[in-house]
Amino acid sequence: MSKRKSDSSTGRHRRRLPALATAGPVSVWMILFVTLPMLFIIYISFMSRGVFGDVVYTFSLNSYHTLLDSTYFKVISKSLEAALLTTVLCLALGYPFAYYIARKPPETASKLIMLIMIPFWTNSLMRLNSWLLLFQTSGPVNAFLQWTGITDHPVTFIYTDALVILGLITNMLPFAVLPLYSSIEKLENSLLEASSDLGATPGQTFLRVTLPLTFPGIFSAIILVFIPSLGIYTVSDILGGGKVLYIGNIIRNQFGSIRNWPLGAALSVLLLVITGLLIFIYTRFAKIEDMEVV
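Everything numeric here is computed off the predicted structure, so don't read it as measured data.

Quick look at the overall build of the chain
What the chain contains, in helices and strands, is 13 helices and two strands. When the 294 residues of the chain are sorted by exposure, 34% land in the buried category. Across the chain, contacts joining residues at least 24 apart in sequence account for 67% of those joining residues at least 6 apart. Summed over its atoms, the accessible surface of the chain is roughly 18000 Å², and 68% of this surface lies on carbon and sulfur atoms.

Here it is, written out as structure tokens:
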């Protein structure tokens, strides 16, 4: 009897070894390069800034009090609005495009997906600077507007919020299309045909069948677009020319030229809280794909 128990425990131990060999390196990587840096950022956010920009390891809530200042509150609100607008526009543009791709044969769909990814084969700085060249006062866009008579003088596009939003959309659109495509591709045509046979109009079929069943892809697209849009700073740096400031720019400045690490860490913690909240909501609705269509 004891021999059987020892053999079974040895077998279980051997079965655990491949799992540990697989999960072990990943766990170590996540702890060293994700968990510990995040904990250190949270720790720094409760410290104080020294006279010469060093971190004084004395507990303080001054950084979080500073976030309530009207100046920073306006930047945070503006960043949330820009990220929300970018997300909504990416969904509005990405859903029809993803639906169009998902209804195509696999060979055609793969080529269309490749077209979406091609811009990411070039450097992001090159893509952003190309927008500046297109929309500058002597650029092709202004030349076309004046040639067609839409305007009789150059329009100022560069270093504005509108151009920053355009840059965010072009950068984030693939992150909306891919999860939407993955979700729509799994949609059974038999469900759409059944809805049509029961007398539903195309609009009713979309609202009561297609949209609910593809909601997991929609929410994944929201997370993948909203979170990076909230923290990215290269787009607003280049297309905004230092005149358009979002949370990412403030964090970069606090850790860089201003050297107020506790305040930069507090802003980073704010982003972590927003990210955690979105992930929590996603996990709460993760099983929505299993719901029945009524």
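Additional details are given in the paragraphs that follow.
Notes on unusual backbone geometry
Non-glycine residue Tyr159 carries a positive phi angle of around 60°. Look at Arg259: it is not a glycine, yet its phi comes out positive at around 60°. Here Arg259 shows up in the loop between helix H12 (247-255) and helix H13 (261-284).

Comments concerning the nonpolar core
Formed by 33 residues in total, the largest nonpolar core has its most connected members in Ile101, Val164, Leu180, Tyr181, Leu239 and Tyr246. Elements supplying a minimum of two residues to this core: helix H3 (70-102), helix H4 (106-117), helix H5 (124-135), helix H7 (161-185), helix H10 (215-231) and helix H11 (234-240). Tallying contributions element by element places H7 first for this core, with eleven residues. Those residues in contact with Leu239, other than ones at most four positions away along the chain, are Leu128, Trp131, Leu132, Ile158, Tyr159, Thr160, Leu163, Val164 and Gly167. Tyr72, Ala83, Leu263 and Leu271 belong to the second largest nonpolar core, which has 18 residues in total.

So, a nonpolar patch on the surface
Taken together, Val26, Val28, Trp29, Met30, Ile31, Leu32, Phe33, Leu36, Leu39 and Ile42 make up a surface patch of nonpolar side chains, about 970 Å² in accessible area. The topology assignment puts Phe33 in helix H1 (residues 2-45). On the basis of relative accessibility, which here comes to 53%, the residue Phe33 falls in the exposed class.

Conventions we followed
Residues numbered from 1 in each chain as written. Predicted model: local features only at pLDDT ≥ 70, side-chain atom pairs only at ≥ 80, totals over all residues. Heavy atoms only, no water. Helix = DSSP H or I, 4+ residues; strand = E, 2+ residues; numbered from the N terminus. Buried < 20%, exposed > 50% of the residue type's maximum accessible area, 1.4 Å probe, protein only. Contact = heavy atoms within 4.5 Å. Areas by Shrake-Rupley, 256 points an atom, 1.4 Å probe, with all protein chains shown as cover. Core = buried A, V, L, I, M, F, W, Y, C linked by side-chain atoms within 4.5 Å. Patch = residues over 30% accessible without salt bridge, like charges linked within 9 Å, V, L, I, M, F, W, Y side chains within 5 Å. Salt bridge = Lys/Arg side-chain N within 4 Å of Asp/Glu carboxyl O.

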